[in-house]
Amino acid sequence: MSERASGWYPDPNDPDTLRYWDGILWTDRTMPRVKPGLEKSHISAAPQVPQHHQHPHLPHPGQHRPGQQQSSPNGPYRGRFQPASATARTPDGAELAPFWRRALAFIVDNILTSAIAAPLAWPWLSDWVHVVRTYFNESLDAAREGRGTPDAPDALYNFPWQVGLVAVAVYFVYEVALTVWRGQTVGKMLLGIKVRREENDKPPTFGAAVYRFAVKQLTSIVGPVPLLSFLVTIFQIVDYLRPLSDRMNQAFHDSWPGTYVVRKQRGGASEEQTPPGDRMY
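Being a predicted model, the structure only gives us computed values, none of them experimental.

Asker: What should I look at first to understand the overall build of the chain in this one?
Answerer: For the chain, the count of helices and strands is seven helices and five strands. Expressed as a percentage of the 281 residues in the chain, the buried residues total 35%. If you take every contact in the chain between residues at least 6 apart in sequence, the share linking residues at least 24 apart comes to 61%. Accessible surface for the chain amounts to roughly 16,400 Å². Of this, 61% is attributable to carbon and sulfur atoms.

Asker: For this particular structure, what's the right way to read the pattern of salt bridges?
Answerer: Opposite charge on two side chains allows them to pair when their charged atoms are near. Under the definition given, this model contains 10 salt bridges. Here Asp92 and Arg196 are joined by a salt bridge, their closest N and O atoms 3.1 Å apart. Of this pair, Asp92 sits in the loop between β3 (26-32) and α1 (99-144) while Arg196 sits in strand β4 (residues 193-197), placing them 104 residues apart in sequence. Residue Arg196 is classed as buried on the basis of its relative accessible area of 1%. Asp254 is the salt-bridge partner of Arg212, the closest N and O atoms lying 2.4 Å from each other. Pair noted here: Arg212 is in helix α4 (residues 206-216) and Asp254 is in helix α7 (residues 252-255), with a separation of 42 residues, a long-range link. Like Arg212, the residue Asp254 is buried in the burial classification. Here the salt bridges do not stand alone but share partners, grouping Arg102, Arg212 and Asp254 into one network.

Asker: Please explain a nonpolar patch on the surface as it appears in this structure.
Answerer: Among the surface-exposed residues, Leu227, Phe230, Leu231, Ile234, Ile237, Val238, Leu241 and Leu244 lie close enough to one another that they form a single nonpolar patch of about 800 Å² accessible area. Note that Ile237 resides in helix α6 (residues 226-241). Given the relative accessible area of 47%, Ile237 is considered partly exposed.

Asker: Explain the sheet that holds β3 to me, please; I cannot follow it from the model alone.
Answerer: Hydrogen bonding along the main chain pairs the strands of a sheet, whether they run parallel or antiparallel. Read from one edge to the other, the open sheet built from three strands follows the order β1-β2-β3, with strand pairing classed as antiparallel. What marks the edges here is a single partner per strand, and that holds for β1 (7-11) and β3. Across this sheet, the average inter-strand angle for adjacent strands is 40 degrees, counted without regard to direction.

Asker: Mind showing me how you'd approach the packing of helix α2 (residues 161-182) against α4 here?
Answerer: A pair of packed helices is characterised by two quantities: the angle between their axes and the separation of those axes. The N-to-C vectors of α2 and α4 enclose an angle of 140 degrees; their axes lie 9 Å apart at closest approach. As for the relative orientation of α2 and α4, their crossing is right-handed in sense. Together, Val168, Tyr171, Phe172, Glu175, Val176, Thr179 and Val180 of α2 and Phe206, Ala209, Val210, Phe213 and Lys216 of α4 make up the contact between the two elements. For the contact of α2 with α4, the per-class residue count stands at nine nonpolar, one polar and two charged.

Asker: In this structure, what is going on with the packing of aromatic side chains? I would like to understand it.
Answerer: To describe a pair of aromatic rings, you give the distance between the ring centres and the angle between the ring planes. Tallied over the full model, the rule gives nine aromatic pairs. Among the aromatic side chains, those forming a connected cluster through ring pairs are Tyr171, Phe172, Tyr174 and Phe213. Positioned over the ring face of Trp181 is Arg182, at 5.6 Å from the centre of the ring.

Asker: For this particular structure, what's the right way to read the pairing of β3?
Answerer: Look at any regular strand and the pattern is simple: side chains alternate between the two faces of the sheet. Strand direction decides the pairing type here: strand β2 (residues 14-21) and β3, joined by four bridges, are antiparallel. Directly across from Arg19, in β3, lies its bridge partner Thr30. From the end of β2 to the start of β3, which pair antiparallel, there are four residues, and Gly23 there has a positive phi angle of about 100 degrees.

Asker: In this structure, what is going on with α2? I would like to understand it.
Answerer: Residues separated by three or four positions in an α-helix point in the same direction, a consequence of the helix having 3.6 residues per turn. Its 22 residues place the ends of α2 32 Å apart at the C-alpha level, agreeing with the 32 Å of an ideal helix rising 1.5 Å per residue. Listed in full, the buried residues belonging to α2 are Val163, Val166, Val168, Val170, Tyr171, Tyr174, Glu175, Val176, Leu178 and Thr179. The elements touched by buried residues of α2 are α1, α3 (186-191), α4 and α5 (218-221). After α2 finishes, the residue Gly183 shows a positive phi value of roughly 75 degrees.

So, how was this worked out
- Residues numbered from 1 in each chain as written.
- Predicted model: local features only at pLDDT ≥ 70, side-chain atom pairs only at ≥ 80, totals over all residues.
- Heavy atoms only, no water.
- Helix = DSSP H or I, 4+ residues; strand = E, 2+ residues; numbered from the N terminus.
- Buried < 20%, exposed > 50% of the residue type's maximum accessible area, 1.4 Å probe, protein only.
- Contact = heavy atoms within 4.5 Å.
- Areas by Shrake-Rupley, 256 points an atom, 1.4 Å probe, with all protein chains shown as cover.
- Salt bridge = Lys/Arg side-chain N within 4 Å of Asp/Glu carboxyl O.
- Patch = residues over 30% accessible without salt bridge, like charges linked within 9 Å, V, L, I, M, F, W, Y side chains within 5 Å.
- Pairing = 2+ DSSP bridges.
- Axes fitted to C-alpha atoms, helices over the stretch in contact; angles between N-to-C directions.
- Left-handed = near helix turned anticlockwise from the far one by under 90°.
- Nonpolar A, V, L, I, M, F, W, Y, C, P; charged D, E, K, R; others polar.
- Phe/Tyr/Trp six-rings, centres within 6.5 Å; stacked < 30°, edge-to-face > 60°.
- Lys NZ or Arg CZ within 6 Å of the ring centre and 35° of its normal.
- Expected span 1.5 Å × (residues − 1).

Structural data, given as structure tokens:
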């Protein structure tokens, strides 16, 4: 007997609803059979699949399939969690961004904001750079002449705090503004991912964007406090690695303000499986 591929199919219990079949069992994920406003679109959609044309190998939701363990109401297919073998998705079907895309986007964003912040902070940074250059040249001269390495000046260890303040300010404007505007920083645009709310596909609110920024930049914010800075650094590492173990690929700066990081389709919407009745041609 052939098995039906996973996907969206007419719900046997409700002709106006589509239900997601994971290839083994019916899940609790449903959506309207026709998207609101679709009838006003000038793009024709594929004809609806009649209810009586449901694939014969698909059991009704809750029906026990021979040889399969029957899932309980509180089993792994309920709520926000997806089967471990399936592609990680949000409850409404959008594909969650993999860790490597998030990591590369983070690197790109930090390189870009550092390049912006450096010229702005140069009035304070220039004196420290001069101290470093002078000490380096003196050390080279001493080595060539066979003398001992000169003592490092105290100014070498006094990195200007204004530089860190400028960097945090630049990152705040950059991340919060772009996240609220379109859910994407430049790094996320290049990697094809976006930030969205948990309840819908819209970009995060201003409050959620600020919350995300604050959690991600705790190390920079509390940097001047030695002991606290060490503890926050440990937390920051755990936060950035958390998507590797979380079923919804969420770091703390995602789950606390209520956001997802998802793949983005070329057409603009977050990537998800398109129900048969809503597929455009």
